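Geometric and topological summary
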Amino acid sequence: MSMGAYDEDEHERREAKAAAVDTDFDDERVEYRGKLEYDSGESAEALLDQFKQMKSQ
(Lines give C-alpha, C1' and ligand atoms only; values in the text may rest on other atoms or scores of the structure.)
Protein backbone atom coordinates (compact mmCIF):
# COMPACT_ATOMS: atom_id res chain seq x y z
CA MET A 1 0.00 0.00 0.00
CA SER A 2 1.41 3.36 -0.94
CA MET A 3 1.81 6.20 1.49
CA GLY A 4 -1.41 8.15 1.83
CA ALA A 5 -3.56 5.34 0.52
CA TYR A 6 -6.91 4.81 2.25
CA ASP A 7 -6.93 1.90 4.68
CA GLU A 8 -10.51 1.13 5.73
CA ASP A 9 -9.47 -1.30 8.50
CA GLU A 10 -7.14 1.27 10.06
CA HIS A 11 -9.84 3.93 9.81
CA GLU A 12 -12.35 1.69 11.60
CA ARG A 13 -9.79 0.77 14.28
CA ARG A 14 -9.04 4.42 15.00
CA GLU A 15 -12.74 5.31 14.96
CA ALA A 16 -13.51 2.59 17.52
CA LYS A 17 -10.58 3.65 19.69
CA ALA A 18 -11.68 7.30 19.64
CA ALA A 19 -15.28 6.37 20.46
CA ALA A 20 -14.37 4.20 23.45
CA VAL A 21 -14.94 5.73 26.88
CA ASP A 22 -12.38 5.08 29.61
CA THR A 23 -14.25 4.38 32.85
CA ASP A 24 -11.30 3.04 34.82
CA PHE A 25 -10.80 6.25 36.76
CA ASP A 26 -12.12 6.80 40.26
CA ASP A 27 -15.01 9.25 40.09
CA GLU A 28 -16.03 9.18 43.73
CA ARG A 29 -16.66 12.56 45.23
CA VAL A 30 -14.31 13.50 48.02
CA GLU A 31 -15.85 15.28 50.96
CA TYR A 32 -13.69 18.01 52.46
CA ARG A 33 -14.28 19.18 55.97
CA GLY A 34 -12.83 22.31 57.45
CA LYS A 35 -13.16 26.03 57.59
CA LEU A 36 -12.66 28.63 54.88
CA GLU A 37 -12.06 32.28 55.65
CA TYR A 38 -11.69 35.24 53.31
CA ASP A 39 -9.71 38.31 54.25
CA SER A 40 -11.19 41.05 52.13
CA GLY A 41 -8.64 43.51 53.43
CA GLU A 42 -9.27 47.06 52.37
CA SER A 43 -12.57 48.51 51.26
CA ALA A 44 -13.52 48.65 47.59
CA GLU A 45 -12.95 52.41 47.50
CA ALA A 46 -9.44 52.07 48.92
CA LEU A 47 -8.61 49.39 46.36
CA LEU A 48 -9.95 51.55 43.50
CA ASP A 49 -7.85 54.50 44.71
CA GLN A 50 -4.79 52.25 44.83
CA PHE A 51 -5.53 51.01 41.30
CA LYS A 52 -5.91 54.55 39.95
CA GLN A 53 -2.64 55.53 41.58
CA MET A 54 -0.81 52.54 40.08
CA LYS A 55 -2.35 53.21 36.65
CA SER A 56 -1.23 56.85 36.65
CA GLN A 57 2.43 55.96 37.33
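Everything here concerns the structure above.
Residues numbered from 1 in each chain as written. Predicted model: local features only at pLDDT ≥ 70, side-chain atom pairs only at ≥ 80, totals over all residues. Heavy atoms only, no water.

**Let's talk about the overall build of the chain**
- Check the secondary structure of the chain and you find two helices and zero strands.
- Within the span of the chain, comprising 57 residues, buried residues form 0% of the whole.
- Here the chain displays about 6500 Å² of accessible surface, and carbon together with sulfur accounts for 50% of that area. (Helix = DSSP H or I, 4+ residues; strand = E, 2+ residues; numbered from the N terminus. Buried < 20%, exposed > 50% of the residue type's maximum accessible area, 1.4 Å probe, protein only. Areas by Shrake-Rupley, 256 points an atom, 1.4 Å probe, with all protein chains shown as cover.)

**A short note on the pattern of salt bridges**
- A full pass over the atoms with the stated rule returns four salt bridges.
- The closest approach of N and O atoms between Lys 35 and Glu 37, which form a salt bridge, is 3.4 Å. Assigned by exposure class, Lys 35 and Glu 37 land together as exposed.
- Each of Glu 10, Arg 13 and Arg 14 takes part in a single network of salt bridges with overlapping partners. (Salt bridge = Lys/Arg side-chain N within 4 Å of Asp/Glu carboxyl O.)

**Concerning a negative patch on the surface**
- On the surface, Asp 7, Glu 8, Asp 9, Glu 12 and Glu 15 cluster together into a patch of negative charge.
- Topologically, Glu 15 is positioned in helix H1 (residues 8–19). (Patch = residues over 30% accessible without salt bridge, like charges linked within 9 Å, V, L, I, M, F, W, Y side chains within 5 Å. Lys, Arg positive; Asp, Glu negative; His and termini not counted. Charge placed at Lys NZ, Arg CZ, Asp CG, Glu CD.)

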